[in-house]
Amino acid sequence: MFTRPFRPSKISLSFERLLFAKQPMTTRAPLMSKRPKRGVPEGLWQRCPGCGESIYWKEAEKLLNVCPKCEYHFYVSAQERIRHVLDEGTFEEWDTQLRTADPLEFVDASKSYKERMAIEQKKCGLTDAALTGGGMIRARRVAFGVTDSQFIMGSMGSVVGERLVRLIERATDESLALIIISGSGGGARMHEGILSLMQMAKVSAALARYDRAGGLFISVLTNPTMGGVAASFASLGDLVYAEPKALVGFAGPRTIKATIRLELPKGFQTSEFLLEHGFVDRIVSRSRLKSEIARAIDYCGK
Amino acid sequence: MSAATAAPGLDFEHPILELEGRRRALEQIAERTPAQEEDLRQLKRELAETTRRIYSTLTPWQTVQVARHKDRPYTSDYLSLVFEDFSELHGDRRFGDDRAMLAGFAKLDEHKVMVVGHQKGRTYKERQACYFGCAHPEGYRKAILKMKLAEKYGLPVICLIDTPGAYPGIGAEERGQSQAIAENMYEMSRLKTPIICIVIGEGGSGGALGIGVGDRVAVLQYSYYSVISPEGCAGILWKSAQHAERAATALKFTSADLLRLGVVDHIIEEPLGGAHRDPHQTASRVKQYLLRSLRELLNQSRETLPQTRYEKFRRMGVFLEDAAAAMAVGGGAGAGEGNGMNGDGRG
């Protein structure tokens with residue numbers, strides 16, 4: 001997979017240092033929060049779901065949570081994404097004051113939306129599924145957004161939509177390049193019903209204005225990006241990059257299987273599938289993401 | 001995906017159907033005795049009363065059944081009842097012609113317009129041909145292509161929304177269902193021509209919104225417009241589609257909810273007992289709404305339409321902004337841990 005011996009990047013070298021550094025501007029729970037992360041194995045040795053091999057977790061961690069044997073990309077949190085992509089200490093979070101208002105007073109089989117939000121906030125150390133703000137990539141100032149696929153499946157409700165639109169509007173006003181890394185198995189958030197659906201239109205409309213103003217939007221698809229997130233901002237990049245083997249699509253594989261009653265082809269709805277069908281510009285592994293983004297910004301003169 | 005399964009005669013309509021049967025029987029008598037005339041008058045009164053009683057207390061789940069009723073007017077019905085001189089335009093010039101999406105020139109009284117709408121099909125054969133109103137990417141691409149044509153020649157666009165959702169299939173994914181829907185919203189938001197959207201039946205998620213970004217968005221009284229089908233939501237949050245009725249209530253997607261949440265501008269009232277009882281009356285109300293909205297929009301400069309349309313969608317969403325409220329509800333920004341949103345979250 002690697003054509004040259006692996007050298008830990010600057011990002012991973014500075015990782016330990018970051019742990020003890022005073023947190024610049026952001027606001028989050030401790031960097032290595034103690035919460036058990038679904039999708040992230042615990043313990044020293046782990047079986048990789050990609051290749052089934054036992055891998056030494058410390059080694060995967062050094063590779064930004066990527067399997068050293070098969071390049072399987074494990075989950076990373078929104079906070080970790082910021083460290084992977086932005087220059088150290090440059091991230092300044094915007095619109096932190098926005099909170100869900102539970103407009104439907106939604107209650108499902110086991111809990112209310114409010115209870116669920118409280119649990120997710122505690123688990124992820126985030127106030128909602130999207131984190132937005134300004135930062136630098138190799139000394140270029142950018143507008144940066146990321147959704148955390150673990151926060152109610154990375155789904156988009158009113159707060160996520162509003163944060164993204166404010167991010168896009170600010171990028172338009174300040175002529176900043178825009179990077180949004182999406183991870184969302186949930187798409188539009190059911191708990192806010194039709195208002196979540198409308199966020200798709202709202203964010204897409206903001207991107208259309210940003211486009212008209214000449215902005216450069218780089219959309220990065222990560223595992224998984226589905227439903228209303230895939231069918232709005234994630235698909236609207238001037239450039240669309242995807243992490244290897246991510247699940248990306250509109251309808252969930254189970255829904256499709258239930259509808260057509262056929263086995264789905266191997267590799268269906270993966271990044272590679274999208275590349276083959278012409279919907280992704282490049283598949284970019286996590287370790288190269290920052291430099292690929294910097295390169296694109298260079299080419300597009302932003 | 002079960003749009004086709006609406007059985008003839010909805011459960012809750014049985015008292016109405018029974019009275020309607022008796023009325024028909026009486027009406028078929030060529031020469032009625034005075035006693036029979038009196039019976040008929042009485043029966044009609046009773047029928048109206050029963051219908052009013054049942055329809056004034058429809059649950060959200062019953063509303064879904066009405067929205068999916070097999071006799072509910074479809075886009076093709078409105079094309080003949082509301083418009084004149086419909087001239088269909090096929091194809092997306094990229095892949096094919098999706099039968100689940102109709103488009104073409106039409107006249108609305110003196111106005112020349114472009115009509116775009118989902119089509120469900122009436123017979124089983126028609127339904128199969130258009131996948132029960134579930135469009136593929138080529139359907140969305142056809143829709144936006146014809147809308148851009150309309151923009152170029154100054155024709156207003158009218159979108160009739162009636163779909164259980166965009167088609168979930170292998171081909172649809174291969175051809176970029178997500179990208180097609182996203183691009184439609186993106187392009188519709190900046191189209192320099194008036195756009196009026198009406199949800200005439202099912203407003204199924206992204207598949208509906210793919211032709212749903214307009215200067216005016218209205219909904220027929222017993223339509224619904226939702227982020228996910230009640231069955232789908234129940235399957236995920238209640239672990240079984242059996243709970244669709246509860247999900248339908250929780251999702252708050254009836255016309256009154258949509259108006260209250262600021263998602264639609266107007267509810268078009270349906271005739272007593274729903275659009276399927278009187279398609280002509282329904283069509284006439286739809287036409288009135290279209291003409292009124294069109295007159296308003298034609299007074300506005302085409303150049304400013306995208307701006308006001310943007311502002312309209314920009315306002316959608318409900319959240320708390322106040323920093324102090326946010327501290328109390330979601331935990332302070334510095335704490336990073338929600339303290340259990342116990343406060344009253346309504347803003």
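Residues numbered from 1 in each chain as written. Chains lettered and ligands numbered in written order. Predicted model: local features only at pLDDT ≥ 70, side-chain atom pairs only at ≥ 80, totals over all residues. Heavy atoms only, no water.

Caption draft 1: Highlighting the overall build of chain A. Counting its secondary structure elements, chain A contains 10 helices and 11 strands. Counting all 302 residues of chain A, 61% fall into the buried class. Considering only contacts within chain A whose residues lie at least 6 apart along the sequence, 70% involve residues at least 24 apart. Here chain A has roughly 12,100 Å² of accessible surface; of this, 53% comes from carbon and sulfur atoms. (Helix = DSSP H or I, 4+ residues; strand = E, 2+ residues; numbered from the N terminus. Buried < 20%, exposed > 50% of the residue type's maximum accessible area, 1.4 Å probe, protein only. Contact = heavy atoms within 4.5 Å. Areas by Shrake-Rupley, 256 points an atom, 1.4 Å probe, with all protein chains shown as cover.)

Caption draft 2: The arrangement of the interface of chain A and chain B in detail. In this assembly, 70 residues from chain A lie in contact with 67 residues from chain B. Across the chain A to chain B interface the summed buried area is about 6,000 Å²; carbon plus sulfur atoms make up 66%. When residues of chain A are sorted by the area they lose upon contact with chain B, R99, M190 and F250 of chain A head the list and together hold 12% of the total. Seen at the junction of chain A and chain B, the total is 4 salt bridges. Measuring nitrogen to oxygen at the nearest pair gives 2.9 Å for the salt bridge that ties D211 of chain A to R190 of chain B. Here chain A is connected to chain B by 18 residue pairs in polar contact (both at pLDDT 80 or more). Sorting the residues of the side of chain A that touches chain B by element identifies strand 4 (99–100), helix 4 (113–124), helix 5 (158–173), helix 6 (193–212) and helix 8 (253–260) of chain A as the ones contributing at least two each. With 18 residues, the single largest contributor to the side of chain A that touches chain B is helix 6 of chain A. A breakdown of the residues in the side of chain A that touches chain B according to their chemical character gives 36 nonpolar, 19 polar and 15 charged. Two elements, strand 4 of chain A and strand 9 (residues 319–320) of chain B, share 2 bridges in a ladder whose sense is antiparallel. What sits directly across from T100 of chain A, in strand 9 of chain B, is F319 of chain B. (Buried area = accessible area lost by both parts, 1.4 Å probe. Salt bridge = Lys/Arg side-chain N within 4 Å of Asp/Glu carboxyl O. Polar contact = N/O pair within 3.5 Å; in protein donor to acceptor, adjacent residues only side chain to side chain. Nonpolar A, V, L, I, M, F, W, Y, C, P; charged D, E, K, R; others polar. Pairing = 2+ DSSP bridges.)

Caption draft 3: Representation of the confidence of the model for chain B. Residues and elements named next belong to chain B. With 90% of its residues at a pLDDT of at least 70, chain B reaches an overall mean of 91. Scored below 50 in pLDDT, residues 1–7 shows 13 contacts in the model against residues more than four places distant or in partner chains. Every residue in residues 328–347 scores below 50 in pLDDT, and together they form 49 contacts with partners more than four places removed in sequence or on other chains. Interface predicted TM-score (ipTM) for the complex: 0.91; the corresponding pTM is 0.88. (pLDDT = per-residue confidence, 0-100.)

Caption draft 4: Focus on the pattern of salt bridges. Residues and elements named next belong to chain A. Enumeration according to the criterion identifies 47 salt bridges over all chains in this entry. Between R189 and D128 there is a salt bridge, and its shortest N-O distance comes to 2.8 Å. In this pair, R189 is assigned in the loop between strand 7 (177–184) and helix 6 and D128 in the loop between helix 4 and strand 5 (130–137), connecting sequence segments 61 residues apart. On the basis of relative accessibility, which here comes to 1%, the residue R189 falls in the buried class.

Caption draft 5: Summary view of the domain arrangement of chain B. According to the domain assignment, chain B consists of domain 1 (4–57), domain 2 (64–311) and domain 3 (317–347). On a C-alpha basis, the centres of domain 2 of chain B and domain 3 of chain B stand 36 Å from each other. (Domains from an automatic or database assignment.)

Caption draft 6: Quick peek at the domain arrangement of chain A. Residue and element names in this part refer to chain A. The domains assigned to chain A are domain 1 (45–74) and domain 2 (76–299). One C-alpha centre belongs to domain 1, the other to domain 2, and the line joining them spans 24 Å. Counting residues at the interface gives 7 residues for domain 1 and 9 residues for domain 2. When residues of domain 1 are sorted by the area they lose upon contact with domain 2, L64, E71 and H73 head the list and together hold 66% of the total. There are 0 salt bridges connecting domain 1 and domain 2. Its residues assigned to classes, the side of domain 1 that touches domain 2 shows 4 nonpolar, 2 polar and 1 charged.

Caption draft 7: Molecular detail of the side chain of R127 of chain B. All names here are of chain B. Tracing the backbone through its elements, the reader meets R127 in helix 5 (residues 124–129). Buried charge without a salt bridge: R127, with E126 as the nearest opposite-charge side chain at an N-O distance of 7.0 Å. A polar atom in the side chain of R127 sits 3.3 Å from the backbone oxygen of R122. (Lys, Arg positive; Asp, Glu negative; His and termini not counted.)

Caption draft 8: Geometry of a nonpolar patch on the surface. All names here are of chain A. Residues L44, W45 and Y56 make up a contiguous nonpolar surface patch of about 340 Å² in total accessible area. Along the chain, Y56 turns up in strand 2 (residues 54–56). By relative accessible area, Y56 is classed as partly exposed at 32%. (Patch = residues over 30% accessible without salt bridge, like charges linked within 9 Å, V, L, I, M, F, W, Y side chains within 5 Å.)

Caption draft 9: Structural context of unusual backbone geometry. Backbone torsion omega between N223 of chain A and P224 of chain A reads -10°, so that peptide bond is classified as cis. Tracing the backbone shows P224 of chain A in strand 8 (residues 217–226). The backbone phi angle of F132 of chain B is positive, close to 60°, even though this residue is not glycine. Look at F132 of chain B and you get buried, because its relative accessible area is 18%.

Caption draft 10: Spotlight on the environment of I137 of chain A. Residue and element names in this part refer to chain A. Within the secondary structure, I137 sits in strand 5. I137 gets classed as buried once you look at its relative accessible area, which sits at 0%. The spatial distance from the C-alpha of I137 to the C-alpha of S158 is 28 Å, given a sequence separation of 21 residues.

Caption draft 11: Representation of the packing of helix 1 (residues 14–28) of chain B against helix 2 (residues 34–56) of chain B. Residues and elements named next belong to chain B. Between helix 1 and helix 2, whose axes approach to 9 Å, the crossing angle comes to 160°. Regarding the angle of helix 1 to helix 2, the classification is roughly antiparallel. Taken as a pair, helix 1 and helix 2 cross one another with a handedness that is left-handed. Side by side, helix 1 and helix 2 meet where P15, I16, L19, E20, R22, R23, L26 and E27 of the first sit next to Q36, D39, L40, L43, K44, E46, L47, T50, T51, I54 and Y55 of the second. Residue composition of the contact of helix 1 with helix 2, by class: 9 nonpolar, 3 polar and 7 charged. (Axes fitted to C-alpha atoms, helices over the stretch in contact; angles between N-to-C directions. Parallel < 35°, antiparallel > 145°, perpendicular 65-115°, else oblique. Left-handed = near helix turned anticlockwise from the far one by under 90°.)

Caption draft 12: Summary view of the nonpolar core. Ranked by size, the top nonpolar core spans 135 residues in total, and within it F144, L178 and I218 of chain A together with M147 of chain B carry the most contacts. Ranked by residues supplied to this core, first place goes to helix 6 of chain A with 12 residues. Those residues within four positions of M147 of chain B in sequence are excluded, and the remaining contacts are V116, V157, C159, M188, L191 and I211 of chain B. Membership of the second largest hydrophobic core comes to 25 residues, among which are F83, I196, I198 and L290 of chain B. (Core = buried A, V, L, I, M, F, W, Y, C linked by side-chain atoms within 4.5 Å.)

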